[in-house]
Number of protein chains: 2
Amino acid sequence: VRDPSASLVVVGNEVLSAKVTDENGPWLAGRLRRLGLELRAIQTVRDRVEEIAEAVRRERARSGWVITSGGVGPTHDDVTLEAVAEALGRPLERSDELARIIDAVHQRMFGEPAPETALRMALVPAGTERLGDAGYPTLVCDGVVMLPGVPRFFRYQFDQLAPLLLGVPFHLACVYLRVGEEQIAAPLAEVARAHPDVELGSYPRFDEADHRVKLTVEARDAGAVDRALAALLRVLPEQAVLRVERPAPAEPDRA
Amino acid sequence: VRDPSASLVVVGNEVLSAKVTDENGPWLAGRLRRLGLELRAIQTVRDRVEEIAEAVRRERARSGWVITSGGVGPTHDDVTLEAVAEALGRPLERSDELARIIDAVHQRMFGEPAPETALRMALVPAGTERLGDAGYPTLVCDGVVMLPGVPRFFRYQFDQLAPLLLGVPFHLACVYLRVGEEQIAAPLAEVARAHPDVELGSYPRFDEADHRVKLTVEARDAGAVDRALAALLRVLPEQAVLRVERPAPAEPDRA
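In this report, we go over the structure that sits alongside the text. (Residues numbered from 1 in each chain as written. Chains lettered and ligands numbered in written order. Predicted model: local features only at pLDDT ≥ 70, side-chain atom pairs only at ≥ 80, totals over all residues. Heavy atoms only, no water.)

**Observations concerning the overall build of chain A**
Link 1 in the chain: Along chain A, the regular secondary structure elements total 8 helices and 12 strands.
Link 2 in the chain: Overall, the C-alpha framework of chain A stretches about 70 × 35 × 35 Å when taken along its three principal axes.
Link 3 in the chain: Sorting the 255 residues of chain A into buried and exposed places 57% on the buried side.
Link 4 in the chain: Long-range pairs, those at least 24 residues apart, make up 71% of the contacts in chain A between residues at least 6 apart in sequence.
Link 5 in the chain: Looking at charge distribution, chain A has the averaged site of its 31 positive side-chain charges lying 2 Å from that of its 39 negative ones. (Helix = DSSP H or I, 4+ residues; strand = E, 2+ residues; numbered from the N terminus. Buried < 20%, exposed > 50% of the residue type's maximum accessible area, 1.4 Å probe, protein only. Contact = heavy atoms within 4.5 Å. Lys, Arg positive; Asp, Glu negative; His and termini not counted. Charge placed at Lys NZ, Arg CZ, Asp CG, Glu CD.)

Laid out in structure tokens, this is it:
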């Protein structure tokens, strides 16, 4: 069983050069949260084997799952599968089953067999599993999930995997303050020190919102959130607190 | 003179936990492109000293400039300045000048001296320079630019730095195709091999756009773009090409 955490590696020349804005990162962040998985890092790197491989290697050490976005097509700049193979220390291997799938899709779309170049997409790290929809499977190898960059396909293929991700839901409490961060930094630091079992965030606002700071208390253990929230309300100046919200934990929305 | 390239490190608990969508990455990608700087990586990491320090260290090896976003406020979860000091192997040092500035801002806003906790923001890596607006300076140390995460302030402080970034503009040509990637992968790979001095991208579309693939040819040398574009048009099947666009290079928009 893998740790309920993930990192995202965006294979991202077009994002870095401002040709497109990445939609997969924000979407995945929300999706993983609802599934009860902690997203620990997003790395956007260039379409280069060694940079992608380095990112995958590093994120495997950080998180239970590594999800890659993009670089799985048939052209010369699609090098993600090769990079993942390198990161995992596995050879690239032609999957006959994937080759059949690619050929079938090509036949359906163009009425002719897939050209050899299209079969490049069938070269995957040895031992890669195909999960979900047999006609459009999600590729997973050693906890690395290789997804296409086109948002529609990224989402479809991620959702095929979601039932396998055994998340643990997060509990959250929010405290809205009418004073600035400088005013509450000391008591806040005290609570953070005394409650290392929660993530305590402080987000200042400088606009016309009704509050000046939003504090967040978050953990997988609801009791830990309760205790840290109570401690926080004890040490904060009473007139500083505008309101407290305790949203219901998101239901893991397994696809 | 630094290499005209940059990496962005987003100090990002609130992005990773889907509380906010990062706006600074997409904005900076466009801004750097227009300034003629290559954005080589974006790393979004948790608000932890060791993870931020590791990201800064790695990105310093990759790019001429490293820009950090967020984690520079007065609360316990603001650890970017400490992490940058660690990455640079410099001690944290209290800047009397920054302390004076913070105090002046606090006096203006609240009519009283800044509390000690606010002065936490004056603890910067030894040798940090203050650039631009004396009342709201941009902090730079060894090519690491430490910007606040609030988008309005991130942009203001980045733009103070922009005149120092000596970029070299990029030239771009786009070729829109009416056939799929499988059809052109082989000639495309051939041109990519023969023209390593350009970045050759291939972006498929699966929607109602008039084209199925957009090819991009990009380099700082306009002649290299011309040569690769000509080679591309020679090897692509004539009926595959829908149109060619050659946008004027973006003027470096120095603030």
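Structure's up, so let's keep going.
**Some remarks on the sheet that holds strand β6 (residues 129-131) of chain B**
Link 1 in the chain: Taken in spatial order, the 12 strands line up as β6(A)-β7(A)-β8(A)-β3(A)-β1(A)-β2(A)-β2(B)-β1(B)-β3(B)-β8(B)-β7(B)-β6(B) in an open sheet, and their pairing is mixed. For this open sheet the edge positions go to β6 (129-131) of chain A together with β6 of chain B, each flanked by a neighbour on one side alone. For this sheet, the mean angle separating the axes of adjacent strands, direction not counted, is 20°.
Link 2 in the chain: Pairing geometry for β6 of chain B and strand β7 (residues 138-141) of chain B, over 3 bridges, is antiparallel. (Pairing = 2+ DSSP bridges. Axes fitted to C-alpha atoms, helices over the stretch in contact; angles between N-to-C directions.)

**A short note on the relation of the copies chain B and chain A**
Link 1 in the chain: Superposing chain B onto chain A requires a rotation of 180° together with a translation of 0.0 Å along the rotation axis, leaving an RMSD of 0.0 Å. Such a turn and shift between the copies fits a two-fold axis. Closest to the rotation axis within chain B is the C-alpha of Gln43 of chain B, separated from it by 2.3 Å.
Link 2 in the chain: Counting the interface residues of chain B, we find that 100% of their copies in chain A are interface residues as well, pointing to one common contact surface. (Least-squares fit on C-alpha atoms with pLDDT ≥ 70 in both.)

**Details of the environment of Arg155 of chain A**
All names here are of chain A.
Link 1 in the chain: The topology assignment puts Arg155 in helix α6 (residues 151-161).
Link 2 in the chain: In sequence terms Arg155 and Leu16 are 139 residues apart; their C-alpha atoms lie 21 Å from each other.
Link 3 in the chain: Apart from residues lying up to four places away in sequence, Arg155 is in contact with Glu23 and Trp27.

**Details of the sheet that holds strand β10 (residues 199-204) of chain B**
Residue and element names in this part refer to chain B.
Link 1 in the chain: Strand order across the open sheet formed by 4 strands is β10-β11-β9-β12, with antiparallel pairing between neighbours. The strands lining the two open edges of the sheet, one partner per strand, are β10 and β12 (241-245). Strand-to-strand twist in this sheet, taken as the mean axis angle between neighbours without regard to direction, amounts to 15°.
Link 2 in the chain: The sheet contact formed by strand β9 (residues 171-177) and β12 spans 4 bridges and is antiparallel. Within the sheet, the bridge partner assigned to Leu177 lies in β12 and is Val241.
Link 3 in the chain: Contacts between helix α7 (residues 181-194) and the sheet are confined to β9, β10 and β11 (213-219), with β10 contributing the most and set at about 175° to the helix.

**Some words on the interface of chain B and chain A**
Link 1 in the chain: Every contact between the two is made by 58 residues of chain B and, on the other side, 60 residues of chain A.
Link 2 in the chain: In total, chain B and chain A occlude about 4800 Å² of area from one another, counting both sides; carbon and sulfur atoms represent 56% of this.
Link 3 in the chain: At the junction of chain B and chain A, the tally comes to 7 salt bridges.
Link 4 in the chain: Counting every contact that joins chain B to chain A gives 18 residue pairs in polar contact (both at pLDDT 80 or more). (Buried area = accessible area lost by both parts, 1.4 Å probe. Salt bridge = Lys/Arg side-chain N within 4 Å of Asp/Glu carboxyl O. Polar contact = N/O pair within 3.5 Å; in protein donor to acceptor, adjacent residues only side chain to side chain.)

**Digging into the pattern of salt bridges**
Link 1 in the chain: One pass over the full model with this rule turns up 43 salt bridges over all chains.
Link 2 in the chain: Two residues, Asp197 of chain B and Arg227 of chain B, come together in a salt bridge whose shortest N-O distance is 3.8 Å. With Asp197 of chain B in the loop between α7 and β10 and Arg227 of chain B in helix α8 (residues 222-235), this pair connects stretches of sequence that are 30 residues apart.
Link 3 in the chain: Note that Arg227 of chain B and Asp221 of chain B form a salt bridge whose closest N and O atoms lie 3.8 Å from each other.
Link 4 in the chain: In this structure, a network of salt bridges that share partners links the residues Asp3, Glu38, Arg40, Glu59 and Arg62 of chain A together with Arg46 and Glu51 of chain B.

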